[in-house]
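For reference, the chains in residue letters:
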Number of protein chains: 2
Amino acid sequence: MSDGPAAPGGAAALLPRGVLVVGTGLIGTSAALGLTAQGVQVWLQDVDGGSVAVAVERGAGLSEAPPESPDLVLVAVPPAATAEAVLEALRTYVDATVSDVASTKARLQREVEALATVASDQHLLSRFVAGHPLAGREVSGPGAALPDLFADRVWALTPSAHTEPGRTDLVRAVVESLGALPVVTSPEEHDRAVALTSHTPQVVASSVAAGLGGLGESEVRLSGQGLRDVTRLAASDPRLWTDILTSNAEPVADALDALIDRLAAVRDGLRGGSPEPVLGALEAGVAGRRLVQGKHGSGPLEFAVVAVTVADRPGELGRLFADAGATGVNLEDVRIDHAQGRPTGLVELEVAPASQAVLAEGLRAAGWDVRG
Amino acid sequence: MSDGPAAPGGAAALLPRGVLVVGTGLIGTSAALGLTAQGVQVWLQDVDGGSVAVAVERGAGLSEAPPESPDLVLVAVPPAATAEAVLEALRTYVDATVSDVASTKARLQREVEALATVASDQHLLSRFVAGHPLAGREVSGPGAALPDLFADRVWALTPSAHTEPGRTDLVRAVVESLGALPVVTSPEEHDRAVALTSHTPQVVASSVAAGLGGLGESEVRLSGQGLRDVTRLAASDPRLWTDILTSNAEPVADALDALIDRLAAVRDGLRGGSPEPVLGALEAGVAGRRLVQGKHGSGPLEFAVVAVTVADRPGELGRLFADAGATGVNLEDVRIDHAQGRPTGLVELEVAPASQAVLAEGLRAAGWDVRG
């Protein structure tokens, strides 16, 4: 974070001088904090005056109305209120670029375009650059906001055919100044992608977890890390996710259709005694898993596992990771598979395949119980 | 592990003096190593003489035939060969208890009973105690065997109505002596449980991953840790899993039917513009997720998260975990969410809710960038 008023890096020249943030919840206030820290003038607005007061107290910006048109209006209100707030911003500030943060984009774009048509203000759309930061927390509101909430997170931008390219460049510069990674795509491609990468996984995790309802406690014990992984998302907030899913209804329904077809093919193969569809589904899964992004945006990676048995007491993990660090090997991922009923756990360290032997030997030399 | 010939703990009195292990792969050889280490006399048998030689060289037991009937025969051959090997053991060693390690149980029980009926040897079944250790490795064969492979792992035992209770007690003592946690249930309940807790999650993970096939690289970036969690199992070996799934075909097909019904209800709710089925599915998922066992066999737990931004270089994690250990807080789980395109990552430390503030404050005091 910069101390002075100048923004870091090459984005400085493009950064807006003044930004109006409409909606001082977690996302809006976090963006306001990050922009203020770079010396950008930020004004704050919310239907809830108490929320604005908290944001102001945290140093996110000013509660008064902008004395002149801001360069950018960032609309960060709840999804259902976004389209009207976007249109109002476009009409009120006739030179401003307007963006938003709603998690689905095609329906919003249609709603904004419909409102602009009613207003006979089709040219307003040239200043609208829709967006979606893939960041969040388990807590909400301006009190939970963080200036670095978007650091290293993808922030999708979905300009329409009406959008002037220079408007997209401005929003991209703002996104980058907040440390986020802009990905520019169309509203429809965005929604289809998040239906597959985020919304369908949520429905699946919840549905698999729901199927456990009939099991007794000892039967649920007949499970391992795999079930924990698959059902982890099922702990998400049902009301929030109902809003998200209904706002992307058709792409999610299409993705569920395709998923149901694949599951039904496996089921029919199992009932019909024919293993081919089962094998085919599993092989397609291996190929799909390779697409799931590894670290560093460098594309798909396969990691090797070094498994270590660790006593389940404070300090043991610290000692393990210190010894792992001493080998010079970088850890890509860590999983702790707690033993059921015992004060020990199995820690799986994922590393680049070329580093596996170095790490395993280094940990053994340090006295660790490395499996294999 | 005991140094001398006596077995540890209360299981000593019940431990068999002699055990024949049929099948010297990963599971059989691991059990043989664990039993030999406790002073139990182990004999080894396999259709592959080379495999037996490796196991003998590793000190797992003797390659000769037992001079008298062993107390226990542990059949650890591939699933398709298990029923015949079990019956042969029951007929050859007329006093021995016989167990196995196949990952599904009802079909095996039916096959063994059918073979016993053909042999007009229905009473043989009184000595058969089927089993399933929930343990494994990514590598196979006697060279990969470990004496502590079963430590802290659940080992299901599925005696039938024919099984003498004393036979189950013996196998339970052996399982406990290997450090495993016995869970006694029926073959049918076992298979229904693993269909829900293991087999269906595998099919789901593969099917969700398979659905990503049509996405471009930038679209796959519109995802987070959730997709990684849900699809992690999709990297499993397709041929191995085809065998497992077909051996439990009907329970898995039933579980897939129920899952498809739940997914279809969500899809229809989305298409029909009715949020109730969507909300209902998500709420049922929250309830189901609570059933997924936490650590210590102590029942369902909810953990609190302390999120820390960490530079992505060797040694940083070691420093973090050392500082976390110094707070005296025990870590329940760890997730590393690698930032895409940046040399930093977000480390999420899961702890008991009562410990969250202590850990967060301790790490901040040590100079860490703790979110929130």
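The shown structure was predicted, so the numbers you read here are calculated from the model rather than taken from an experiment.

### A short note on the overall build of chain A
- The helix and strand tally for chain A stands at 13 helices and 11 strands.
- Looking at the 372 residues of chain A, the share that counts as buried comes to 58%.
- Just so you have it, chain A exposes about 14100 Å², and 53% of that area is on carbon and sulfur atoms.

### Overview of the pairing of strand β5 (residues 128-133) of chain B
Residue and element names in this part refer to chain B.
- For β5, the tally of buried residues reaches six of six residues, placing the bulk of the element in the interior.
- Here β5 shows two buried faces, one formed by F128, A130 and H132 and the other by V129, G131 and P133.
- Relative to β5, strand β4 (residues 97-100) is paired through two bridges, and the arrangement is parallel. Pairing of S99 across the sheet is with V129, part of β5.
- Read from β4 through helix α4 (residues 106-118) to β5, the crossover connection turns out right-handed.
- Bridge count for β5 against strand β6 (residues 154-159) is five bridges, and the pairing is antiparallel. Along β6, the bridge assignment pairs P133 with W155.

### A word on the side chain of S247 of chain A
Residues and elements named next belong to chain A.
- Mapped onto the secondary structure, S247 falls in helix α9 (residues 238-247).
- Classification of S247 as buried rests on a relative accessible area of 10%.
- Beyond its immediate stretch of four places on either side in the chain, S247 contacts T104 and R107.

### Some remarks on the domain arrangement of chain A
- Looking at the assigned domains, one finds that chain A contains domain 1 (11-185), domain 2 (192-292) and domain 3 (304-370).
- Taken over C-alpha atoms, the centre of domain 1 of chain A sits 43 Å from the centre of domain 3 of chain A.

### So, helix α5 (residues 165-177) of chain A
Residues and elements named next belong to chain A.
- The first and last C-alpha atoms of α5 sit 18 Å apart over 13 residues, in line with the 18 Å expected at 1.5 Å per residue.
- Of the residues making up α5, those classed as buried are R167, T168, L170, V171, A173, V174, V175 and S177.
- Those residues of α5 that are buried lie in contact with α1 (26-37), β3 (72-75), β4 (97-100), β5 (128-133), β6 (154-159) and β7 (181-184).

### Some details on the interface of chain A and chain B
- With 125 residues of chain A at the interface, the matching set in chain B holds 126 residues.
- Counting each side, the surface lost to burial between chain A and chain B is near 11800 Å², with a carbon and sulfur contribution of 62%.
- Taken as a group, L222, R232 and R289 of chain A account for 7% of the area that chain A buries against chain B, more than any other trio of residues on that side.
- Between chain A and chain B we count 14 salt bridges in total.
- The salt bridge involving E350 of chain A is made with R232 of chain B; its shortest N-O contact spans 3.1 Å.
- If you look at where chain A meets chain B, you find 20 residue pairs in polar contact (both at pLDDT 80 or more).
- Within the side of chain A that touches chain B, the residues separate by chemical class into 60 nonpolar, 32 polar and 33 charged.

### Points about the packing of aromatic side chains
- In this structure the tally under the stated criterion is three aromatic pairs over all chains.
- On the numbers, 4.9 Å between centres and 50° between planes, the contact of F150 of chain A with W155 of chain A is tilted.
- On the basis of relative accessibility, which here comes to 0%, the residue F150 of chain A falls in the buried class.
- With centroids separated by 4.0 Å and ring planes inclined at 15°, the aromatic side chains of F321 of chain A and F321 of chain B adopt a geometry described as stacked. Taken together, the positions of F321 of chain A in helix α12 (residues 316-326) and F321 of chain B in helix α12 (residues 316-326) put the pair across two chains. Judged on exposure class, the residue F321 of chain A and its partner F321 of chain B are both buried.

### Remarks on the pairing of β6 of chain B
Residues and elements named next belong to chain B.
- For β6, a buried count of six out of six residues is recorded, marking the element as mostly surrounded by other parts of the structure.
- Burial along β6 is two-sided: the residues V154, A156 and T158 and W155, L157 and P159 are all buried.
- Alignment of β6 against strand β7 (residues 181-184), held across four bridges, turns out to be parallel. The residue of β7 that forms the bridge with W155 is P182.
- Where the polypeptide runs from β6 across helix α5 (residues 165-177) and back to β7, its parallel neighbour, the crossover connection is right-handed.

### Quick look at the nonpolar core
- Core analysis: the largest hydrophobic core is formed by 67 residues, its most contacted members being L263 of chain A together with L263 of chain B.
- Non-local contacts of L263 of chain A, meaning those with residues more than four positions away in its chain, are made with V203, V204, S207, L256, L259, I260 and L263 of chain B.
- Counting 38 residues, the second largest nonpolar core, distinct from the first, contains L317, I336 and W368 of chain A together with L349 of chain B.

### Some points on the packing of helix α10 (residues 249-271) of chain B against helix α11 (residues 276-291) of chain B
Residues and elements named next belong to chain B.
- Two elements in contact, α10 and α11, have axes separated by 7 Å at closest approach and are oriented at 145°. The two elements α10 and α11 meet at a crossing, and its hand is left-handed. Residues A265, V266, G269 and L270 of α10 lie in contact with α11, whose contacting residues are P277, V278 and A281.
- Considered class by class, the residues forming the contact of α10 with α11 number six nonpolar, one polar and no charged.

### Thoughts on the sheet that holds β6 of chain A
Residues and elements named next belong to chain A.
- Taking strand neighbours across the sheet as the criterion, the seven strands line up as β2-β1-β3-β4-β5-β6-β7 in an open arrangement whose pairing is mixed. Strand pairing shows two members of the sheet lacking a second neighbour, β2 (41-45) and β7, which therefore form its edges. When the angles between neighbouring strand axes are averaged without regard to direction, this sheet yields 25°.
- Contacts from α5 reach β3, β4, β5, β6 and β7, with the element oriented near 170° to β6.

### Things to note about helix α11 (residues 276-291) of chain A
- In this model α11 of chain A runs 23 Å from its N-terminal to its C-terminal C-alpha over 16 residues, within 8% of the 22 Å that 1.5 Å per residue would give.
- When we look at burial in α11 of chain A, the residues that qualify are V278, L279, A281, L282, G285, V286, G288 and R289 of chain A.
- The elements touched by buried residues of α11 of chain A are α10 (249-271) of chain A together with α6 (187-210), α8 (225-231) and α9 (238-247) of chain B.

### Here's the deal with the relation of the copies chain A and chain B
- Between chain A and chain B, which share one sequence, the superposing operator has a rotation angle of 179° and an axial displacement of 0.0 Å; the RMSD is 0.1 Å. Taken together, the rotation and translation describe the operation of a two-fold axis.
- Both copies contact each other with a shared surface, as 99% of the interface residues of chain A are interface residues in chain B too.

### Things to note about the sheet that holds β7 of chain B
Residue and element names in this part refer to chain B.
- Read from one edge of the open sheet, seven strands run β2-β1-β3-β4-β5-β6-β7, paired in mixed fashion. Each edge of the open sheet is held by one strand with a lone partner, namely β2 (41-45) and β7. Neighbouring strand axes in the sheet, compared pairwise and without regard to direction, differ in orientation by 25° on average.

### Concerning the environment of L115 of chain B
- Here L115 of chain B is to be found in helix α4.
- Setting aside its immediate chain neighbours within four residues, L115 of chain B contacts A83, E84 and L87 of chain B.

Cut-offs and rules
Residues numbered from 1 in each chain as written. Chains lettered and ligands numbered in written order. Predicted model: local features only at pLDDT ≥ 70, side-chain atom pairs only at ≥ 80, totals over all residues. Heavy atoms only, no water. Helix = DSSP H or I, 4+ residues; strand = E, 2+ residues; numbered from the N terminus. Buried < 20%, exposed > 50% of the residue type's maximum accessible area, 1.4 Å probe, protein only. Areas by Shrake-Rupley, 256 points an atom, 1.4 Å probe, with all protein chains shown as cover. Pairing = 2+ DSSP bridges. Right-handed = clockwise from strand over helix to strand, strands pointing away. Contact = heavy atoms within 4.5 Å. Domains from an automatic or database assignment. Expected span 1.5 Å × (residues − 1). Buried area = accessible area lost by both parts, 1.4 Å probe. Salt bridge = Lys/Arg side-chain N within 4 Å of Asp/Glu carboxyl O. Polar contact = N/O pair within 3.5 Å; in protein donor to acceptor, adjacent residues only side chain to side chain. Nonpolar A, V, L, I, M, F, W, Y, C, P; charged D, E, K, R; others polar. Phe/Tyr/Trp six-rings, centres within 6.5 Å; stacked < 30°, edge-to-face > 60°. Core = buried A, V, L, I, M, F, W, Y, C linked by side-chain atoms within 4.5 Å. Axes fitted to C-alpha atoms, helices over the stretch in contact; angles between N-to-C directions. Left-handed = near helix turned anticlockwise from the far one by under 90°. Least-squares fit on C-alpha atoms with pLDDT ≥ 70 in both.

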